[in-house]
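Each chain, written out:
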Amino acid sequence: YGVTEMNAIRWSKNVFCTLNFFETIKNAKACGGMAQFLRLVDPLLVFPDGRVVLISLYELDNLLPLWWGQSRRPGVSIDHVFRLVSKCPELGCWSLPVSTETLVSLKLFRGDVNYDLEKEKHILRQMLQDLDRPIETAKELLSTRNRLSLYEQSDLAKEAFLSSLPSAGTKKRRLQNHGLSIVNKKQRW
């Protein structure tokens with residue numbers, strides 16, 4: 001996929017994808033510069049319990065005629081990540097049972113760089129905290145979406161940096177990897 005620590009990110013356990021969607025991502029590496037166009041993260045199925053399944057545009061095109069032809073729809077909704085992460089109530093995104101954790105995972109996966117709510121920023125930091133190289137991983141993820149130019153001075157940049165700082169029990173090497181040194185608090189100046 002091109003993102004070295006993709007599996008170390010703490011993704012929401014409520015986000016899934018179809019095999020077709022996964023194959024599109026997996027095979028995108030072989031397509032070179034066209035890769036960002038093959039990875040559109042937008043159409044999805046939303047289940048009443050808050051789980052979401054990312055689907056490819058091809059699958060969406062095949063589902064819609066079936067969906068429109070039914071007089072009684074199942075409890076599953078067809079939606080778009082754009083509507084879920086937008087803050088516009090007129091788009092109808094407030095009535096869906098998707099958690100903030102799931103929204104933040106979707107936003108990160110699709111290459112969003114700004115997270116409006118403090119709760120979103122906190123979740124993003126938690127998602128990145130197990131990474132050895134959170135800054136580099138965030139940049140790699142954005143470059144697969146052709147959105148790297150949006151990284152500087154974004155919420156993602158700030159949270160990736162904060163995730164790179166040591167917490168209790170974290171090795172000093174993280175700071176040293178970022179050109180920072182640890183100062184003994186008892187040291188006199």
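Only a predicted model underlies this, so the values are computations on that prediction, with no experimental measurement involved. (Residues numbered from 1 in each chain as written. Predicted model: local features only at pLDDT ≥ 70, side-chain atom pairs only at ≥ 80, totals over all residues. Heavy atoms only, no water.)

**Some details on the packing of helix H5 (residues 100-110) against helix H6 (residues 118-128)**
It is at 9 Å that the axes of H5 and H6 come closest, and there the two elements cross at 65°. Relative to H6, the element H5 lies roughly perpendicular. With respect to the hand of their crossing, H5 and H6 are arranged in right-handed fashion. Only Lys119, Glu120, Ile123, Leu124, Met127 and Leu128 of H6 make contact with H5, whose side of the interface consists of Thr100, Glu101, Val104, Ser105, Lys107 and Leu108. When grouped by side-chain class, the residues that make up the contact of H5 with H6 number six nonpolar, two polar and four charged. (Axes fitted to C-alpha atoms, helices over the stretch in contact; angles between N-to-C directions. Helix = DSSP H or I, 4+ residues; strand = E, 2+ residues; numbered from the N terminus. Parallel < 35°, antiparallel > 145°, perpendicular 65-115°, else oblique. Left-handed = near helix turned anticlockwise from the far one by under 90°. Contact = heavy atoms within 4.5 Å. Nonpolar A, V, L, I, M, F, W, Y, C, P; charged D, E, K, R; others polar.)

**Some thoughts on the sheet that holds strand E2 (residues 43-46)**
Here we have four strands laid out as an open sheet, ordered E1-E3-E2-E4, and mixed in their pairing. The open sheet has two free edges, formed respectively by strand E1 (15-17) and strand E4 (77-80), since each of these has just one partner strand. Averaged over all adjacent pairs, the angle separating strand axes in this sheet is 35°, with direction ignored. On top of the sheet, H5 reaches E1, E2 and strand E3 (52-54); it is set at about 10° to E3, its chief contact. (Pairing = 2+ DSSP bridges.)

**Here we look at the nonpolar core**
Residues Leu44, Leu54, Leu108, Tyr151 and Leu156 are the most contacted members of the largest nonpolar core, which totals 32 residues. Contributing elements (two or more residues each) for this core: E2, E3, helix H4 (81-85), H5, H6, helix H7 (134-144) and helix H8 (155-164). In terms of residues, this core owes the most to one element, H5, which gives five residues. Contact partners of leucine 156, with chain neighbours within four places excluded, come to Leu108, Asp112, Val113, Tyr115, Leu124, Leu128, Ala138, Leu142 and Tyr151. (Core = buried A, V, L, I, M, F, W, Y, C linked by side-chain atoms within 4.5 Å. Buried < 20%, exposed > 50% of the residue type's maximum accessible area, 1.4 Å probe, protein only.)

**A look at the pairing of E2**
Here E2 shows a buried face lined by Pro43 and Leu45 and a second buried face lined by Leu44 and Val46. Pairing between E2 and E4: four bridges, direction antiparallel. Each residue of the ladder has a partner; that of leucine 44, found in E4, is aspartate 79. In this structure, E2 lies alongside E3, joined through three bridges in antiparallel fashion. What sits directly across from valine 46, in E3, is valine 52. Between E2 and the antiparallel strand that follows it, E3, lie five residues; glycine 50 among them carries a positive phi value of about 95°.

**Some thoughts on the confidence of the model for the protein chain**
Residue-level pLDDT values for the protein chain average 76, and 71% of them are 70 or greater. Across the protein chain, the secondary-structure element scoring lowest on mean pLDDT is helix H9 (residues 173-177), at 41, and the one scoring highest is H6, at 93. pLDDT under 50 marks residues 168-189. Its contacts with residues more than four places away, or in other chains, come to 19 contacts. (pLDDT = per-residue confidence, 0-100.)

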